[in-house]
Amino acid sequence: MVTPSAEFPPLEPEELGALRRIGEHWRVSPDGAPPGPERLPLDPTLERSRAEPAPGRFGRLAPIAMFTAGEPGELVATEPANIPGTRAGRALSRCRRALFGPPLTSAAVLYERMRKLVALPVLSSDLLSSVAYGPEAMLAVLVLAGSGALGLSLPLVAVLAVLMVAVGLSYRQTVVAYPHGAGSYVVALDNLGVRPGLAAAAGLMVDYVLTVAVSVAAGVHAVTSALPGLARYTVPLGLLTILVLLAGNLRGVRAAGNLFVWPTYAFLVALLAVLLVGYVRAGARGFEPLPPPAVPATEGLGLLLVLRAFASGAVSMTGIEAVSNAVPAFRPPEWRNARTTLSWMIGMLVVLFIGLTVLIHLSGLVPTPEKTLLSQLARATFPTGPWYALVQAATALILLLAANTAFNGFPRLLFFMARAGHAPRRFLHMGDRLAFSNGLVALAVTAGVVFLVFRGRTEALIPLYAVGVFLAFTLSQSGMVVHWRRRRNRGWRRRAAINALGALLSGLVLVTAAITKFTEGAWVVVVAVPLLVLLALAIHRHYRRQQRSLALHPPPDGRRPGPALTAVPLPGAAEPGAPAEAQELPQQVRHLVVVPVARLNRASLRALAYAASLRQPTLAVHIAPEDPEADRFREQWEAWGDHVRLETIVSPYRTSIGPLAHYLEALHASRPDVLLTVVVPEVVLRGPGQRLLHSRAEHRLRRALRALPGVVVTSLPVHLAD
């Protein structure tokens, strides 16, 4: 399920059993008794600390309760607890609230779901808007053979309608079979294996990025068709649109749905008005097609050209898989509402695609670089009055906002991939408004780069479009065939046949698009998909290695351990030379506390006092640039009382971080079973201006020691007096 808790997966049964066995061997005091609440020097529940707190950096004017009592033994952080303590952080927090709204609690995820009337425009905006450029993309290829070849659009649109219905019916079955949300990635992963699943995911990722770039490019083109003076601002307008879409979706699923619902319905009404008036006028002349303008042929009419036109027209199907990805975003019953929404989407797509293509043929229109076909059709249908402007405005809005479908699907795809370990786990995180903020930002940045590289030209982006999405379609439907063959429940043969037909037709479009558009730019997708698969496999290997390293393992069987301070060897106790990072029981850990001391002042004495209070062996280390300074420091050390063993290292090349890090590494190598705890005093500075006045060697030391196993770096903050 898509919940905020996905970031914290439960332990496997084997790990849970290992955890119990590890707990049986824990010893935290000499008598072996676990600590009780009375052993702590303060009240962790804060119940006995209800006195009015003094104004601090979290509450300058009045005390604010940061926590409330929840379940027994549990505290609940209130909204003020999320407010940063710095002035700049509070200002940034106020700006975020103004742009995106107040943060939502995790329990509100159930109320962020969409009803069908909202889900239909949100999830179908990409699918419906593609009819604004899908027929034009098909006719733009046919017209290369001359205006006489435009008549082939009618049989091609019939074949494409069959393809739309077949793939749509296939995805209806996917919604029922995977009610928890399963795009092509989950279906292919579950039924075909890891690599086919990752190939489907890579195809969808490319499709979502191109959906944003193509939709925004087509929307800006619609604006510049009506207002040619804005053509030179194509790229800034497109990037601004992507930014607006990102901001709208960061407000949450429900807020984004309410924001983008009306443009989709306005576009639908505008297209139906064009079709109604256009067919009435065509019927008045007996549905006699008007002769198109004479266009000279630049290519011969052949099978390859027809297949290219077919593949170009198939881009009208992009977005048909959006519902299967977003089933958990629907209100209960999720699968039933999702299936109903998908049925309406398929019906509207077929009606609009066939209706527009046939009406363009009857009107005798041909593609031109200056104006889109839909703009020409609207002008021919409404030659006077404000209706043309309204149609163009609705078209521009739906094209600009069609990318919202990708903003809904891309983060969810990354969520499913991250849950399986094929994408960074940061994509599991839900932001303040219960939206997958990291995925939204990643999509916006990537699509913005693609839009900028191609300068917002729709004709340059379209050839890249069909390969990725139809790869996902093909693998998803093939996976559903395997799914039904495995289940073999009632009616499985009919369901498998429907999915097999969808896989066959989608595969035909995939091969056609990859071959015919390879030199036009489809090679980019053909290369990008394997690279994304390899990247996902590398990410998964990293997480598997991390999981193996951090997995819980029970201690070896043996006699029950005695008290922690007994001389009898303990089961599982670390032997000399055993790695310190393999020590999981308190009685196994052997300490050495190391305190780097540059000069004797309050900060270093606080660090030494803290280290000594741990009651563990302690070593102080001083790095001196030359022998006289080392002698002076030893005299100061003896004047202090020589309470801690001191080791002095002379660094004649005047560097301190490198020699200290290598010295600690040598200590660790000599006794891998000893855990080195490095206590570093750190002066807390105020603002970037003060940071420029200090070398901040403690940060460089922490970075240098981070890679050493068996070394713990503890920072001891020291605040400057006012």
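Residues numbered from 1 in each chain as written. Predicted model: local features only at pLDDT ≥ 70, side-chain atom pairs only at ≥ 80, totals over all residues. Heavy atoms only, no water.

Q: When you look at the sheet that holds strand β4 (residues 618–624) in this model, what are you seeing that I'm missing?
A: Pairing between sheet strands relies on hydrogen bonds along the backbone, with the strands arranged either parallel or antiparallel. Spatially, β5-β4-β3-β6-β7 is the arrangement adopted by the 5 strands of the open sheet, whose pairing is parallel. Bordering the open sheet on either side are β5 (645–650) and β7 (711–719), each of which pairs with just one other strand. With direction set aside, neighbouring strand axes in the sheet form an average angle of 25°. Strand contacts of helix α22 (residues 627–640): β4 and β5, with the helix running at about 165° to β5, the strand carrying the most contacts. (Pairing = 2+ DSSP bridges. Helix = DSSP H or I, 4+ residues; strand = E, 2+ residues; numbered from the N terminus. Axes fitted to C-alpha atoms, helices over the stretch in contact; angles between N-to-C directions. Contact = heavy atoms within 4.5 Å.)

Q: What is the right way to read the pattern of salt bridges from this model?
A: Pairs can form between side chains of opposite charge whenever their charged atoms are close. Applying the stated criterion to the full structure yields 5 salt bridges. Linking R634 and D631 is a salt bridge whose minimum nitrogen-to-oxygen distance equals 2.6 Å. You can see R634 and its partner D631 sitting in helix α22, 3 residues apart, about one turn around the helix. Assessed through its relative accessible area of 35%, R634 is described here as partly exposed. Through salt bridges with shared partners, one network takes in R590, R671 and D673. (Salt bridge = Lys/Arg side-chain N within 4 Å of Asp/Glu carboxyl O. Buried < 20%, exposed > 50% of the residue type's maximum accessible area, 1.4 Å probe, protein only.)

Q: Can you walk me through the packing of helix α3 (residues 116–129) against helix α15 (residues 404–419) in this structure?
A: When two helices pack together, you describe them by how their axes are tilted relative to each other and by the distance separating the axes. Running from amino to carboxyl end, α3 crosses α15 at an angle of 110°, the nearest separation of the two axes being 7 Å. By the angle between their directions, the pair α3 and α15 is classed as roughly perpendicular. Contacts between α3 and α15 involve V122, L123, S124, S125 and D126 from the former and N404, T405 and N408 from the latter. Residue classes in the contact of α3 with α15 are distributed as 2 nonpolar, 5 polar and 1 charged. (Parallel < 35°, antiparallel > 145°, perpendicular 65-115°, else oblique. Nonpolar A, V, L, I, M, F, W, Y, C, P; charged D, E, K, R; others polar.)

Q: Whenever I open this one, a positive patch on the surface confuses me. Can you help?
A: A surface patch of like charges, here positive, comprises R195, R541, R544, R545 and R548. Looking at the positive patch element by element, the count peaks at 4 residues for helix α20 (residues 518–550). If you trace the backbone, R545 turns up in helix α20. Look at R545 and you get partly exposed, because its relative accessible area is 46%. (Patch = residues over 30% accessible without salt bridge, like charges linked within 9 Å, V, L, I, M, F, W, Y side chains within 5 Å. Areas by Shrake-Rupley, 256 points an atom, 1.4 Å probe, with all protein chains shown as cover. Lys, Arg positive; Asp, Glu negative; His and termini not counted. Charge placed at Lys NZ, Arg CZ, Asp CG, Glu CD.)

Q: Can you help me understand the nonpolar core in this one?
A: In globular proteins that are soluble, nonpolar side chains generally tend to be buried together. Counting 152 residues, the largest nonpolar core has V212, F407, M417 and F470 as its most contacted members. The biggest single contributor to this core is helix α7 (residues 194–226), with 19 residues. Setting aside chain neighbours within four positions, we find F470 in contact with L163, A314, M317, S506, V509 and L510. The next biggest cluster of nonpolar side chains, apart from the first, holds 19 residues, and it includes L592, L664, L676 and L708. (Core = buried A, V, L, I, M, F, W, Y, C linked by side-chain atoms within 4.5 Å.)

Q: How should helix α16 (residues 437–453) be read in this particular structure?
A: In an α-helix there are 3.6 residues to a turn, and that puts residues three or four apart on one side. Compared with the 24 Å implied by 1.5 Å per residue over 17 residues, the 24 Å span of α16 between its first and last C-alpha is a close match. Listed as buried for α16 are S437, G439, L440, L443, A444, A447, G448, V450 and F451. All buried residues of α16 project into a common sector of 165° when viewed along the axis, lining one side. Looking at α16, the residues exposed on the side facing more than 90 degrees away from the buried face are V445 and V453. Count one or two residues on from α16 and you reach R455, which has phi positive near 55°. (Expected span 1.5 Å × (residues − 1). Arc of directions from axis to C-beta.)

Q: Is there a simple way to think about the side chain of Q173 in this case?
A: By the element assignment, Q173 lies in helix α5 (residues 153–177). Within polar-contact distance, the side chain of Q173 engages the backbone oxygen of R495 at 3.0 Å. (Polar contact = N/O pair within 3.5 Å; in protein donor to acceptor, adjacent residues only side chain to side chain.)

Q: I tried to follow the pairing of β4 on my own but got confused; where do I start?
A: Two faces belong to every sheet, and in a regular strand the side chains alternate between them. Taken across its 7 residues, β4 has 7 buried, putting it largely inside the fold. Side chains T618, A620, H622 and A624 project from β4 onto one buried face, and the interleaved L619, V621 and I623 project onto a second face that is buried too. As defined by bridge partners, strand β3 (residues 590–596) adjoins β4 across 4 bridges and the pair is classed as parallel. Paired with V595 across the strands is A620, a residue of β4.

Q: Please clarify how the pairing of β5 should be interpreted in this entry.
A: Of the pairings in the sheet, the one linking β4 to β5 comprises 6 bridges and is parallel in character. Its bridge partner lying in β5, L619 is registered against R645. Where the polypeptide runs from β4 across α22 and back to β5, its parallel neighbour, the crossover connection is right-handed. (Right-handed = clockwise from strand over helix to strand, strands pointing away.)

Q: Which parts of the structure should I look at to understand unusual backbone geometry?
A: Here the bond from P332 into P333 is cis, since omega is -10°, no more than 30 degrees from zero. Even without glycine at this site, F287 takes up a positive phi of about 55°. With respect to the element layout, F287 can be found in the loop between α9 (253–284) and α10 (303–313). Taking the relative accessible area as the measure of exposure, F287 reaches 46% and is therefore partly exposed.

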